[in-house]
Amino acid sequence: MLTNILTKEDTHKQLFTMGHTGCSGCAQSMAVKLIMQVLGKNTIATSATGCLEVFSTKFPESSWNIPWIHSLFENSAAIASGIEAALQITGKKEGTTVLSQAGDGGTADIGLQALSGMFERGHDVLYVCYDNGAYMNTGYQRSGLTPYDSYTTTSPSGKISFGNNRPKKYMPEIAMAHKIPYTAVASAGYPIDLQKKVKKTLSIKGPKYLQVDVPCVPGWKYEPRYSVKIAQLAVQSGLYPLFEAEYGKITSVKKISKKVPVEEYLKLQGRFKHLFKNEAGKAEIEKIQKIADENIEQFGLL
Amino acid sequence: MKKVLEGSMAISDSIRMTEPKVISAYPITPQTHIVEHLSQMVADGDLKAEYVMVESEHSAASVVLGASACGVRTYTATAAQGLLYMEEVIYNIAGMRLPVVLTVANRAVSAPISIWNDMQDSMALRDSGTIQLVAENNQEAYDMHIQAYKIAENPNVMLPVMVCVDGFVLTHTFEVVETIDDIEKVREYLPPLNMKYTLDVNNPFSFGTVGEPSVYIETRFRLSNAINNCKSIIVDAANDYKEMFGKYEGALIDTYKMDDADTVIVAMGSVLGTIKDVVDGLRESGKKIGVLKIRSFRPFPADEIVDALKNIKNAIVIEKAVSLGKGGILSCEIRDALYQHRINSVNVNGYVMGLGGRDITPKNIYDLIIKAEKEEDVDGEFFGLNNELLNKVF
């Protein structure tokens, strides 16, 4: 099931096809394609309002070769709950995966209530949060998952500001606190790890939460060719720990193979460029290094 | 079988007869009894449905949206703030042409918070593309829900239907209701839902895609046509129901003692019962007065209303909601309908009454008739206020 290099013809046969209007270098579209390769055609998907919904379903075109529905911004998990309930009562659930998707804002901010309800009620749904750390579809505004000191259009850096002054919300831990059967964090920079985790969800009944780090070219302000590299640096610096948890307990972590200073990760991205202007910025980078070091300690990443 | 049923029991019992597959609701007074009864039916195995206990009305509406898109019959119920919280989803359900049926136990909207009855909540959804039917009593509430599915699921309609039932006045009041004993007859009246497009892994479609400026307005036009053109289907649903079950409470409108009337009271919902009592008394004393009941508020039966009112002198409209900054809602629409037919001989006066559960008594109605016949073009004047309270400094 794991992916090899695809020909153009193969790409047309994908369940999430080429031809959508995503940006070049869009890591979210890469992640969706990888996920759909594993889930297969017996999947019904929901999408919250956001980049994915907009760039994949410009009427009359659609990149989805599976049944797909978008309703609103905050209700992806509730729509998926309804689909799952309908499949259960009509005896069609067995062998069908319900995939619920949203961005970080649709998951951790406006959609958190519906998501918590879906977890708590125990629906057999795989929920995927594509985390690009801001409201990218509306033009890079801050979300609850925007990392510390990131520039966004509503948390701009300025004469007296280094950008977003709050740490990223611990969304996977919030999912784990629901004691759901499976929580995982993956990255578009590590496709094999991502697909392994998706594959695992197929064998688990009940709510599953998968958060995927998906770098965003225009929002993070970097050259499209760096999407995978930046995603990998997020992991290798300790800023984006990849792990799995079952029923609220961590069961595996992806070890850092070669630790890099956070500076390596930050300097490639325009959203952090204000940190490289003066001494005060340096002090901020040290704070971000501390966040990474604490992650490394907490998750045992080395 | 004739039973003494609380309005909520009557509604839940008729929902049971329609055999929805997915029910989802969030508790809010005065809707709660309906969904409590339904949960009990599911718990007892009397209704084979998934009852999804959600964390909000927004999710209740979203769950039935998702389930409906899978092609199964769905049901939800709410009131007041719950309906306003659902509003975004209801617009979406209508736009996606999903035949969801929901009950609104009509209740006033905050602030101040009030759990008691008026129609401000459902009125707020009047432009959503949802069919709105209003029940007068518990019998009609029972019958109307079965008709609601028949209308919603018609392939030429495919729209949500909201059945409006006055909170407490009907939901918590016991009346004699004749229920249907034979579910097979309901199945015959209401065949299984058969949707053309569903979320089906064997036949994948994308739902809720982006509508660019090049397609959006045509989509809304088709939605508009669907609701405008469903009047005959509402009439058929009522007539077919009468034929099969012997009950008829009107279709789009209903008239009461309107032959030769020169004054007509126009209203919706449970207040019609009180009005009819007053009219009976006045008829005995020789007054030429009748009642026009609006049963379908959306689609608005403008032609039928004009036809019913064109030869009368005074139309007194009871408004149980108000368009703040404008005035009466129902009276405004009636005046508009008459204007469209270039009829200016009918004096339409609209009065806002009964907000937040204030009783509308027979005496109120009587006093209103005396007053209204002397007035012209009243646009949503508040009637029956306690002046002592108005002048009090808090």
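Here, every reference points to the structure presented above.
Residues numbered from 1 in each chain as written. Chains lettered and ligands numbered in written order. Predicted model: local features only at pLDDT ≥ 70, side-chain atom pairs only at ≥ 80, totals over all residues. Heavy atoms only, no water.

### With respect to the overall build of chain B
Rules: Helix and strand labels come from DSSP, where a helix needs a run of H or I of at least four residues and a strand needs a run of E of at least two; each type is numbered from the N terminus. Burial classes: relative accessible area under 20% of the type maximum marks a residue as buried, over 50% as exposed, and values in between as partly exposed (1.4 Å probe, protein chains only). Contacts are assigned to residue pairs that have any heavy atoms within 4.5 Å of one another. For the area figures, the Shrake-Rupley method with a 1.4 Å probe applies, and any residue is considered shielded solely by the protein chains shown. Only four residue types enter the charge count: Lys and Arg as positive, Asp and Glu as negative, with His and the chain ends excluded. By convention, the charge on Lys lies at NZ, on Arg at CZ, on Asp at CG and on Glu at CD.
Across its full length, chain B carries 14 helices and 16 strands. The buried share among the 394 residues of chain B stands at 57%. Within chain B, contacts between residues at least 6 apart in sequence are counted, and of these 81% link residues at least 24 apart. Total accessible area computed for chain B in this model is approximately 16,100 Å², and 50% of it derives from carbon and sulfur atoms. With 37 positive and 54 negative side-chain charges, chain B shows a separation of 3 Å between the mean positions of the two kinds.

### Overview of the interface of chain A and chain B
A common way to express how large an interface is: the accessible area buried when the components associate. Put simply, the rule is: We define buried area as the total accessible area lost by two parts upon association, computed with a 1.4 Å probe and summed across both. Salt bridges are defined by distance alone: a side-chain nitrogen of Lys or Arg within 4 Å of a carboxyl oxygen of Asp or Glu. Polar contact is defined as a pair of N or O atoms within 3.5 Å, subject to the rule that within protein one atom must be able to donate a hydrogen and the other to accept it, and that residues adjacent in sequence are counted only when both atoms are side-chain atoms. Residue polarity is assigned by list, with Asp, Glu, Lys and Arg as charged and Ala, Val, Leu, Ile, Met, Phe, Trp, Tyr, Cys and Pro as nonpolar; anything else, Gly included, falls into the polar class.
Between chain A and chain B, the residue contacts involve 37 residues of the former and 37 residues of the latter. Taken together, both faces of the contact between chain A and chain B bury some 2,800 Å²; the carbon and sulfur share is 65%. Across the chain A-chain B interface, the total number found is two salt bridges. The salt bridge involving Lys58 of chain A is made with Glu212 of chain B; its shortest N-O contact spans 3.9 Å. Linking chain A to chain B there are 13 residue pairs in polar contact (both at pLDDT 80 or more). When residues of the side of chain A that touches chain B are traced back to their parent elements, those giving at least two are strand S1 (43–47), helix H3 (51–56), strand S2 (68–70), helix H4 (76–89) and helix H6 (112–121) of chain A. Considering only residue class, the side of chain A that touches chain B consists of 16 nonpolar, 16 polar and five charged.

### So, the environment of Val89 of chain B
Structurally, the position occupied by Val89 of chain B is in helix H4 (residues 80–95). Look at Val89 of chain B and you get buried, because its relative accessible area is 0%. Residues Val89 of chain B and Ser59 of chain B lie 30 residues apart in sequence; the distance between their C-alpha atoms is 8.7 Å. Not counting residues within four places of it along the chain, the set of residues in contact with Val89 of chain B comprises Leu72 of chain A together with His58, Ala61, Ser62 and Leu65 of chain B.

### Some points on the pairing of strand S4 (residues 74–78) of chain B
Remark: a regular strand shows side chains that alternate across the two faces of the sheet. Residues and elements named next belong to chain B. Cut-off, in case you're wondering: Two strands qualify as a pair provided that DSSP identifies no fewer than 2 bridges between them. Call a crossover right-handed when, viewed with both strands pointing away from you, the route from the first strand across the helix to the second goes clockwise.
Where burial is concerned, most of S4 is hidden: five out of the five residues are buried. Across the two faces of S4 the burial is the same, with Thr74, Thr76 and Thr78 and Tyr75 and Ala77 all buried. With two bridges joining them, strand S2 (residues 22–25) and S4 adopt parallel strand pairing. The residue bridging Ile23 from the neighbouring strand is Tyr75, located in S4. The pairing of S4 with strand S5 (residues 101–106) spans four bridges and is classified as parallel. What sits directly across from Thr76, in S5, is Leu102. Taking the sense of rotation as the criterion, the β-α-β connection linking S4, H4 and S5 turns out right-handed.

### Quick notes on helix H10 (residues 271–284) of chain B
All names here are of chain B. Put simply, the rule is: Helix span is expected to be 1.5 Å times the residue number reduced by one. Directions drawn from the helix axis to the C-beta atoms are what define this arc.
For H10, which comprises 14 residues, the first-to-last C-alpha distance of 20 Å matches the rise-based estimate of 20 Å (1.5 Å per residue) to within 8%. Regarding H10, the residues found buried are Val271, Leu272, Ile275, Lys276, Val278, Val279 and Leu282. Down the axis of H10, the buried set is contained in an arc of 165 degrees. They therefore lie on one face. In H10, the exposed positions that point more than 90 degrees away from the buried face belong to Asp277 and Glu284. Close packing links the buried residues of H10 with strand S7 (161–166), strand S10 (253–256), strand S11 (263–267), strand S12 (289–294), strand S14 (314–319) and helix H13 (362–372). Following H10 by one or two positions, Gly286 adopts a phi angle in the positive range, close to 95 degrees.

### A look at the packing of aromatic side chains
The geometry of an aromatic ring pair is captured by two quantities: the separation of the ring centres and the angle between the planes. Keep this limit in mind: When two rings of Phe, Tyr or Trp (its six-membered ring) have centres within 6.5 Å they constitute a pair, described as stacked for plane angles under 30 degrees, edge-to-face for angles over 60, and tilted for the intermediate range. Lysine and arginine charges are scored as sitting over a ring when NZ or CZ, respectively, is within 6 Å of the ring centre and within 35 degrees of the ring normal.
Per the stated rule, a full pass over the model turns up 14 aromatic pairs over all chains. Each ring, one from Tyr189 of chain B and one from Phe245 of chain B, has its centre 5.7 Å from the other, and the planes form 70 degrees; the classification is edge-to-face. Of this pair, Tyr189 of chain B sits in helix H7 (residues 183–189) while Phe245 of chain B sits in helix H9 (residues 231–245), and the two are 56 residues apart along the sequence. Accessibility expressed as a relative area gives 16% for Phe245 of chain B, which makes it buried. Ring centres 6.0 Å apart and planes at 85 degrees place the aromatic pair Phe297 of chain B and Phe300 of chain B in the edge-to-face group. For Phe297 of chain B, a relative accessible area of 1% corresponds to the buried category. What makes Phe300 of chain B buried here is its relative accessible area of 14%. Joined through ring pairs, the aromatic side chains of Phe16, Trp64 and Trp68 of chain A make up one cluster. Across from the ring centre of Trp220 of chain A, 3.7 Å away, lies the NZ or CZ of Arg271 of chain A, which sits over that ring. Against the face of Tyr339 of chain B rests Arg342 of chain B, its NZ or CZ located 4.5 Å from the ring centre.

### Observations concerning the sheet that holds S2 of chain B
Residues and elements named next belong to chain B. Stated precisely, the cut-off is as follows: Axis angles are defined between N-to-C directions and span 0 to 180 degrees, where every axis is a line fitted to C-alpha atoms and, for a helix, only to the segment in contact.
Strand order in the open sheet formed by seven strands is S3-S2-S4-S5-S7-S6-S13, with mixed pairing between adjacent strands. Unpaired on one side and paired on the other, strand S3 (50–53) and strand S13 (296–298) mark the two borders of the sheet. Here the strands of the sheet are splayed against their neighbours by 20 degrees on average, with no regard to which way each runs. As paired elements, S5 and S7 share six bridges and run parallel to each other. In the sheet register, Val101 faces S7, and the bridge partner there is Val161.

### Comments concerning the sheet that holds S2 of chain A
Read across the sheet, nine strands follow the order S10(A)-S9(A)-S7(A)-S8(A)-S4(A)-S3(A)-S1(A)-S2(A)-S9(B) without closing on themselves; strand pairing throughout is mixed. In this open sheet, the two edge strands, each paired with only one partner strand, are strand S10 (249–253) of chain A together with strand S9 (206–207) of chain B. Across the sheet, helix H2 (residues 27–39) of chain A lies against S1, strand S3 (97–103), strand S4 (126–131) and strand S8 (208–213) of chain A, angled at about 160 degrees from S4 of chain A, the strand it touches most.

### Some remarks on helix H8 (residues 216–228) of chain B
Given 3.6 residues per turn, any residue in an α-helix points the same way as the ones three and four places further on. Residues and elements named next belong to chain B. Spanning 13 residues, H8 covers 18 Å between terminal C-alpha atoms, matching the ideal 18 Å at 1.5 Å per step. For H8, the set of buried residues is Leu223, Ala226 and Ile227. Each buried residue of H8 lies within a common arc of 95 degrees when the element is viewed along its axis, so the set occupies one face. Seen from the buried face of H8, the exposed residues on the opposite side, beyond 90 degrees, are Ile217, Phe221 and Arg222. Looking at the packing, one finds that the buried side of H8 touches H4, strand S6 (131–134) and S13.

### Looking at unusual backbone geometry
Thr29 of chain B connects to Pro30 of chain B through a cis peptide bond whose omega is 0 degrees. Within the fold, Pro30 of chain B resides in the loop between S2 and helix H2 (32–43). Here the amide bond leading from Ala111 of chain B into Pro112 of chain B is cis, since omega sits at 0 degrees, within 30 degrees of zero. Note that Pro112 of chain B resides in the loop between S5 and helix H5 (120–123). The phi torsion at Tyr140 of chain A lies on the positive side, around 70 degrees, for a residue other than glycine.

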